[in-house]
Amino acid sequence: MKYEYLTNVPLDEAVNEYITVLKAQGLAPKTEEIPVFEASGRITAEAVYAHICAPHYNASAMDGIALMASVTFGATETTPVRLRETDFIQVDTGDPMPENTDAVVMIEDVVRDGDDVLLYSAAVPWQHVRQIGEDICAGDMILPSYTEITPAALGAMLAGGVLTVNVVKPPVIGIIPTGDEIVSPCTDPKPGDIIEFNSTIFSGIFKNWGAIPKTYPIVKDIKEDIIATMEKAVSECDAVIINAGSSAGRDDYSCLAVKTVGEVLYHGIAIKPGKPAIL
């Protein structure tokens, strides 16, 4: 029987229509919810919003003394203000601001004089205070959808009270190597043996893209075995690549396998090498 390719379309046209058809058939990213601690490098499936403010309380931004800024007004290099113990409270960085205080004076600017403190410059309200929501406010969008989660974003989510995040689930890509002459990598191939390395190349590419490769054992050029392996792969994977068997050889069964398990959109693309590619 004379062999004919079904199509001979330009590559860009074939790819664009292929993606259109896949989307029309319902192809879409799957999602999963994972702990933020494990989310570095993953892709958000939806926008992420803060649950709480960061900081969630008014906090001292320095080691020093907390006080009302008004008690320091008038302090200068020549006329320091003297404060009694009742005028201030010792605080460390991160401490909640005590009631009835609105500023912090750095410990480096505090001059002790017995139990009193001398200040040679006036403070201003909210000086050295990290106010509620200074970094993140509850309800703020931390990350938009379909965005890679960086290490810094992990910190922002945790600071905003986000402990889990919906991410795009890595697609599982099945790889089926075929051919009577194909053998697993070895150091002593026999004449006629061809070492199968394409699946390793594909696996590396998919890993770099964030997918999960799943390589199946080499399938000989037996029609029924190729179809059975493809049926298994389709049931276990999000996409499947069958390597070889797509041309006009007497044992090329890839197109038949695809037709049996699914539907052939294109068989033959206007590229060299690679004309007998099947989509």
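This structure is a prediction, so every number in the text was calculated from the model and none was measured. (Residues numbered from 1 in each chain as written. Predicted model: local features only at pLDDT ≥ 70, side-chain atom pairs only at ≥ 80, totals over all residues. Heavy atoms only, no water.)

(A) View of the overall build of the protein chain. In terms of regular secondary structure, the protein chain is built from 5 helices and 17 strands. Computed over C-alpha atoms, the radius of gyration of the protein chain comes to 33 Å, more than 25% over the 19 Å expected from 2.2 N^0.38 for 279 residues, which places it beyond the range of a compact globule. Based on the C-alpha atoms only, the size of the protein chain along its principal axes is roughly 105 × 45 × 30 Å. In the protein chain, the proportion of contacts linking residues at least 24 apart, taken out of those at least 6 apart, comes to 76%. With the model as given, the accessible surface of the protein chain reaches about 16,500 Å², and the carbon-plus-sulfur share is 56%. When the 19 basic and 39 acidic side-chain charges of the protein chain are each reduced to a single mean position, those positions are 14 Å apart. (Helix = DSSP H or I, 4+ residues; strand = E, 2+ residues; numbered from the N terminus. Rg over C-alpha atoms; globule rule 2.2 N^0.38 Å. Contact = heavy atoms within 4.5 Å. Areas by Shrake-Rupley, 256 points an atom, 1.4 Å probe, with all protein chains shown as cover. Lys, Arg positive; Asp, Glu negative; His and termini not counted. Charge placed at Lys NZ, Arg CZ, Asp CG, Glu CD.)

(B) Molecular detail of the side chain of Glu 196. Looking at the secondary structure, you find Glu 196 in the loop between strand E15 (194–195) and helix H3 (198–208). Among buried charged residues, Glu 196 stands out as having no salt bridge; its nearest opposite-charge side chain is Lys 220, 11 Å away. Of note is the side chain of Glu 196, whose polar atom sits 3.0 Å from the backbone nitrogen of Asn 198. Here Glu 196 is in contact with Pro 177, Ile 182, Val 183, Pro 185, Ile 218 and Asn 243, once residues within four sequence places are set aside. (Buried < 20%, exposed > 50% of the residue type's maximum accessible area, 1.4 Å probe, protein only. Salt bridge = Lys/Arg side-chain N within 4 Å of Asp/Glu carboxyl O. Polar contact = N/O pair within 3.5 Å; in protein donor to acceptor, adjacent residues only side chain to side chain.)

(C) The sheet that holds strand E5 (residues 81–83), seen in detail. Spatially, the 3 strands line up as an open sheet ordered E5-E9-E8, and their pairing is antiparallel. Strand pairing shows two members of the sheet lacking a second neighbour, E5 and strand E8 (111–113), which therefore form its edges. Across the sheet, the mean angle separating the axes of adjacent strands is 30 degrees when strand polarity is ignored. Relative to strand E9 (residues 116–119), E5 runs antiparallel, the two sharing 3 bridges. Within E9, the position partnered with Arg 82 by the bridge is Leu 118. (Pairing = 2+ DSSP bridges. Axes fitted to C-alpha atoms, helices over the stretch in contact; angles between N-to-C directions.)

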